[in-house]
Structures are given as C-alpha cells and as structure tokens.
Amino acid sequence: MDEWERWEHRVQTAAHPVVYRLLTAVAARGPVVRVPGVGVVVSDARTAREVLTDPGAFTKTGPGAAAQLWTPVLGARTLITLDGAAHATLRRRLAGLFAPGQVGAVCARALRAPLARATQRLAAGGTVDLVPVVREGAGAVIRELVGLPPDAVADVAGASAVLAGTRLWRTSLTGRQTARARAALAGLSEAAVAAYRSGDGSTVPGRLRGLGLTEAEARGAVGMFLLTGTETLVSFVPRLIALAHDVGRGPDRITDAVVEEALRVTSPTPVMLRSAARDGRLGGVRVRTGDRVVLAGLLCTRSAGPFDPEGTSRTALNRLWFGAGPHFCLGMPLAMAETAAVLRALRPFPHLTVTSRRPSRGVLIPSYAALTVRAAPAGP
Ligand code: HEM
C-alpha cells in the first residue's frame, strides 16, 4: 500500500472498524450481494447509478432508507425525507440558494476570518490543525446560507455531533439521539422560524417564504443543510490536504484534477441507502419490496483504480461521489467553492507538511479528528 492508501485505510477503519471490513469482504464476493440483516449491498458503480436514477423502483422514503432516520428530527418536508413530485418542487425552490454568484459571496464572507487566522499562524512558522479551521468555516458558511446569527455556533456544533453519533446501519435514531438532535436544532429552528414569520427578504428564511416554502419546510431546510453541509467538508478538505501531502504535492499543486480524484478515492459519503419499492432483480440478485439497498459509494468509486489525477477512469463515474439522479448533492457548488477557498488560502505555502494526524473513531462520515500542518521552509 502507498502512504496515502495506508492513511485512508486507517481513516475508514477508525470510523467503521467492523462495517468497512464487512463491506470490503462482501464486495469481493460480487457487485451485488444479499447480506442477511443488512440488505442488498451494491459495490458496482453502474448498478449504483441504476438504483439512484430509478426512484420509482428504489425510494429514499421506504423501510430502511434515509427518511426513516431523519424524519423524527427534521420533519417530513425536507429533500432527504421526500421523494417524487413533492421532492422535485421543494428542490426547485431551494436551488436558488446555490447559484454560483450566491455561493461565492457566502464563502468569501464566512471563510475570511478562520482562514486568515490559520494563514497568519502558518506565515509566523506556527502549526495549524486544519480540522477545526474547516469545521468553523463550514459551520459559518451554513449559518450565512440560511441567515442565522453568529451566536448559533454552539447549535451548529451540536448538530454536527448528532450526525457523527449516527451509525451506518441504523434505520432509526435512538430516543436519546432524537432528543439530542432536536435540542441541538431547536435554537437554529427558532431563529429560522422568527425570520420566516417576519418575511424579511434580507434573511434566507424570509426569502424561502417568498419562494413558496411553508414554515415547516424552511425549518427543515436549516437542519438539513447543517446535517449535509458540515461533516462532509470536515471529512473531505483535511483528507484532500493529507492525501496530496502523501503523494508529494503541496497546496500549490492541488489542481482541479487532484481535487476530483481525491473526491473519488475518499468518497466522503461512504454509503447511500434506498428501499426497494417493488419486486425485481438487481445485477442478477432478486430484490423484494421493502428490501434495504445499501449502495457502498466508496467501494464503487475506488474500484476504478488507485489515485491518479492524470488518468481518465473517473470520467465514467460522472461524480458518483455526489450521488446521481433526483437526490444528486444540491450543495456540490458550495462544497467545491469552499474547497477552492481553502486551497487558495494555502497556496502561498507550497511546502506545507503534515506534522501529526489522528483519524476520528466511531463516526458516521470518516474523517481526521486532527490534522496538524506547518509551512516548512523551502528546501535548498
Ligand atoms: C465533499 C462534500 C460533499 C459530498 C461528498 C456530498 C455528497 C452527497 C451525496 C452522495 C448525496 C446524495 C445522497 C443520496 O442520494 O442518498 C448528497 C445529497 C445532498 N447534499 Fe451533499 N455532499 C457534500 C457537501 C454538501 C454541502 C456543502 C451541502 C450544503 C448544504 C450539501 C447538501 C446536500 C443536500 C441538501 C443533499 C440532498 C439533496 C436531495 O436529496 O435532493 N452537500 N450529498
């Protein structure tokens, strides 16, 4: 194994010591395998895309899929807890928040302070843990996006903790987890609801009202963006920097192709869940109504080969790491803009060295708990 692979393996096994090994073993048995007590496991990109783009046959709202997990916390009217026409209408209304101009402005405002602090420290020869920098930045971006006050920081951290505490296999949260999640989101929801009720067009909840969202939908949107838009970046950006370091590239040599390739081999959302809506066959395996279908995204994308930014094997995957079909990641432009902003800030430090790192243990989205870097002086 190369250095980057060794570290990625450690990140995956620290997050999911049992599940990662189980999935890898299952994938070795075939692209689609029925695993008793787990569901029908898919580790082949083409089959995964087939499932994601056929929402009539594989829903997000049936037994064992994501909606069951999140409806008690976020309510039923969010993108991740809806399917079909209701999902499409809500998605159209929310899409305006992610227009390129809007996303760039939000990132510039929200990331300025955490990135300035980090780069000042690096310039002075100090070390910086990139994980809290990205966490603060990603939280601030979501706060800006949904128009929440700066004192919502604690709530953002609480909501992230809820996500981190969920397990891949769970089809529902425990009573305690639901209560914690609701409590973490309560403050945020209150602020969002107040802004929604005032109808103030300068706040996002107010704008969502103008776009035709109900109060419940505006509240759900705030929680959903927090859940989907923070831990994914806290996972990806430090892993991108670490991976580039391990293959001998400083931030100045992290091109768009390196970012795409790093997304492919890290695939931050390791699993996507669906529920079979009717009997049929998938990759030769019989599927019955109500079966849980576990799409092992990471295994699908990793099977295209080792990290190779010059290679073209990722093209056929068509960004499967952001999903496919009607639930394709709505926040992709924001994720790319935030990543680009961090890279822009780090580019003046081509000799960035990872001085220590620690993978997170027992979390839903594999990540580093700490990734400390220092700007080493240029070599002779
Ligand atoms: C590198 C970072 C990210 C990755 C790899 C990622 C990946 C994904 C994937 C795979 C899905 C599809 C899930 C499924 O079909 O079950 C998804 C959906 C979603 N993502 Fe992201 N995401 C990232 C960042 C973000 C950010 C920053 C936001 C901002 C709020 C966001 C918002 C969403 C939303 C709202 C959905 C649900 C869309 C729908 O159901 O229609 N994501 N993401």
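Criteria and cut-off values
Sequence order as written defines the numbering, with residues in each chain counted from 1. Thresholds applied to this predicted model are a pLDDT of at least 70 for local features of residues and 80 or more for the giving and counting of side-chain atom pairs; totals over whole chains, interfaces and linings are not thresholded and use all residues. Based on all heavy atoms of the structure, the side-chain values leave hydrogens and waters out of the count. The secondary structure listing takes helices from DSSP runs of H or I that are at least 4 residues long and strands from runs of E that are at least 2 residues long, numbered from the N terminus. Each radius of gyration reported is based on C-alpha atoms, and the globular scaling rule is 2.2 Å times the count of residues to the power 0.38. Accessibility here uses a 1.4 Å probe with only protein chains present; expressed as a share of the type maximum, an area under 20% marks a residue as buried, one over 50% as exposed, and anything in between as partly exposed. Note on contacts: a residue pair qualifies if any of its non-hydrogen atoms lie within 4.5 Å across the two residues. Areas reported here follow the Shrake-Rupley algorithm with a probe of radius 1.4 Å; residue values treat only the protein chains shown as occluding. Think of it this way: Lys and Arg go in the positive column, Asp and Glu in the negative one, and His and the chain ends go nowhere. We put the charge of a Lys on NZ, of an Arg on CZ, of an Asp on CG and of a Glu on CD. Definition of nearness: a residue and a molecule or strand are near each other if at least one heavy atom of the residue lies within 4 Å of the molecule or strand. Under this definition, polar contacts are N or O atom pairs within 3.5 Å; protein pairs additionally need one hydrogen-donor-capable and one acceptor-capable atom, and for neighbouring residues in sequence, both atoms have to be side-chain atoms. Each residue is assigned to one of three groups, with Ala, Val, Leu, Ile, Met, Phe, Trp, Tyr, Cys and Pro labelled nonpolar, Asp, Glu, Lys and Arg labelled charged, and all others, Gly among them, labelled polar. Between any two strands, at least two bridges found by DSSP are needed for them to pair. Axis definition: a line fitted to C-alpha atoms, limited for helices to the stretch in contact. Angles are taken between N-to-C directions and run from 0 to 180 degrees. Salt bridges are identified by distance alone: a Lys or Arg side-chain nitrogen within 4 Å of an Asp or Glu carboxyl oxygen. With water excluded from the atoms, a metal site may look incomplete; its donors are any N, O or S atoms within 2.8 Å, or within 3.2 Å for Na, K and Ca. Remark: nonpolar core denotes a set of buried residues (Ala, Val, Leu, Ile, Met, Phe, Trp, Tyr, Cys) joined through side-chain atoms within 4.5 Å. pLDDT is a residue-level measure of predictor confidence that goes from 0 to 100.

Asks: Before we move on, could you go through the overall build of the protein chain and cite the residues and values that matter?
Replies: Counting its secondary structure elements, the protein chain contains 15 helices and 10 strands. Taking 380 residues into account, the globule formula puts the C-alpha radius of gyration at 21 Å, and the protein chain, at 20 Å, falls close to it. Referenced to the eigenvectors of the C-alpha coordinate spread, the extents of the protein chain come out at roughly 65 × 55 × 35 Å. The buried share of the protein chain, reckoned over its 380 residues, is 55%. Of all intrachain contacts in the protein chain linking residues separated by at least 6 positions in sequence, the fraction that spans at least 24 positions is 70%. Carbon and sulfur atoms make up 56% of the accessible area of the protein chain, which totals about 15700 Å². In the protein chain, the 46 positive side-chain charges and the 28 negative ones have mean positions that sit 4 Å from each other.

Asks: Report on the site of the ligand, specifying residues and quantitative values.
Replies: Around the ligand, the structure places 27 residues, and the nearest of them are His87, Arg91, Arg274, His327 and Cys329. Between the ligand and arginine 91, the relevant distance is 2.8 Å, taken from an oxygen atom to a side-chain nitrogen or oxygen of the residue. Within the side chain of arginine 274, an N or O atom sits 2.7 Å from an oxygen atom of the ligand. Elements that contribute at least two residues to the shell around the ligand include exactly helix H5 (84-95), helix H11 (215-229), helix H12 (231-246), strand S5 (272-276) and helix H15 (332-346). The residue makeup of the shell around the ligand, split by class, is 16 nonpolar, eight polar and three charged.

Asks: Talk me through the sheet that holds strand S4 (residues 127-129); I want residue IDs and the actual numbers.
Replies: Strand order in the open sheet made by the three strands is S4-S10-S9, with antiparallel pairing throughout. If you trace the sheet from one side to the other, it starts and ends with S4 and strand S9 (352-359), each paired once. Within this sheet the neighbouring strands show an average axis-to-axis angle of 20°, counted without direction. Here three bridges tie S4 to strand S10 (residues 368-375), and the two strands are oriented antiparallel to one another.

Asks: So what's going on with the pattern of salt bridges? Residues and values would help.
Replies: Considering all chains together, one arrives at 13 salt bridges under this definition. Aspartate 246 is paired through a salt bridge with arginine 357; the nearest N and O atoms lie 2.7 Å apart. With aspartate 246 in helix H12 and arginine 357 in strand S9, this residue pair connects regions lying 111 residues apart in the sequence. With a relative accessible area of 15%, aspartate 246 lands in the buried category. Two residues, arginine 319 and glutamate 260, come together in a salt bridge whose shortest N-O distance is 2.5 Å. Taken together, the residues arginine 319 in the loop between helix H14 (297-302) and H15 and glutamate 260 in helix H13 (residues 256-266) connect sequence positions 59 residues apart. A cluster of three or more residues bridged by salt bridges with shared partners is formed by Glu261, Arg264 and Arg314.

Asks: Talk me through the sheet that holds strand S2 (residues 39-42); I want residue IDs and the actual numbers.
Replies: Pairing is mixed across the open sheet formed by five strands, whose spatial order is S1-S2-S8-S5-S3. In this open sheet, the two edge strands, each paired with only one partner strand, are strand S1 (32-35) and strand S3 (58-59). Bridge count for S2 against strand S8 (residues 292-295) is three bridges, and the pairing is parallel. Bridge pairing in S8 links valine 40 to valine 293. Contacts from helix H2 (residues 17-29) reach S1 and S2 within the one sheet, and its direction differs from that of S1 by about 125°. Against the sheet, helix H3 (residues 45-52) touches S1, S2, S3, S5 and S8, its axis set at about 130° to S8.

Asks: A description of the coordination of the iron atom of the ligand should follow, citing residues and the corresponding values.
Replies: You will see that the iron atom of the ligand has only one donor from the protein, Cys329 (SG), lying 2.3 Å away. Turning to its location among the elements, cysteine 329 is positioned in the loop between H14 and H15.

Asks: Please give an account of unusual backbone geometry that cites residues and values.
Replies: The backbone of serine 267 shows a phi angle near 35°, a positive value even though the residue is not glycine. When you line up the elements, serine 267 lands in the loop between H13 and S5. Here serine 267 falls in the buried class, since its relative accessible area comes to 2%. A positive phi angle is found at arginine 319, which is not glycine, with a value near 55°.

Asks: Can you break down the nonpolar core residue by residue, with the values?
Replies: Within the largest apolar cluster, 103 residues are counted, with the highest numbers of intra-cluster contacts made by Leu94, Phe225 and Leu371. For this core, the element with the highest residue contribution is helix H7 (residues 130-146), accounting for 10 residues. Once residues within four sequence positions are removed from consideration, phenylalanine 225 is found in contact with Leu94, Leu97, Phe98, Ile142, Leu145, Val146, Thr230 and Leu330. Counting 12 residues, the second-largest nonpolar core is a separate cluster that includes Val33, Val38, Val271 and Ala296.

Asks: Residue-level account of the confidence of the model for the protein chain, with values.
Replies: Mean pLDDT over the protein chain works out to 88, with 91% of the residues at or above the 70 mark. Between the elements of the protein chain, mean pLDDT differs from a low of 61, seen in helix H8 (residues 153-164), to a high of 98, seen in S4.

Asks: Explain the environment of alanine 257 to me, and be specific about the residues and the numbers.
Replies: Position of alanine 257 among the secondary structure elements: in helix H13. Placed 77 residues apart in sequence, alanine 257 and arginine 180 show a C-alpha to C-alpha distance of 40 Å. Among residues more than four places away in sequence, those in contact with alanine 257 are Pro309 and Arg314.

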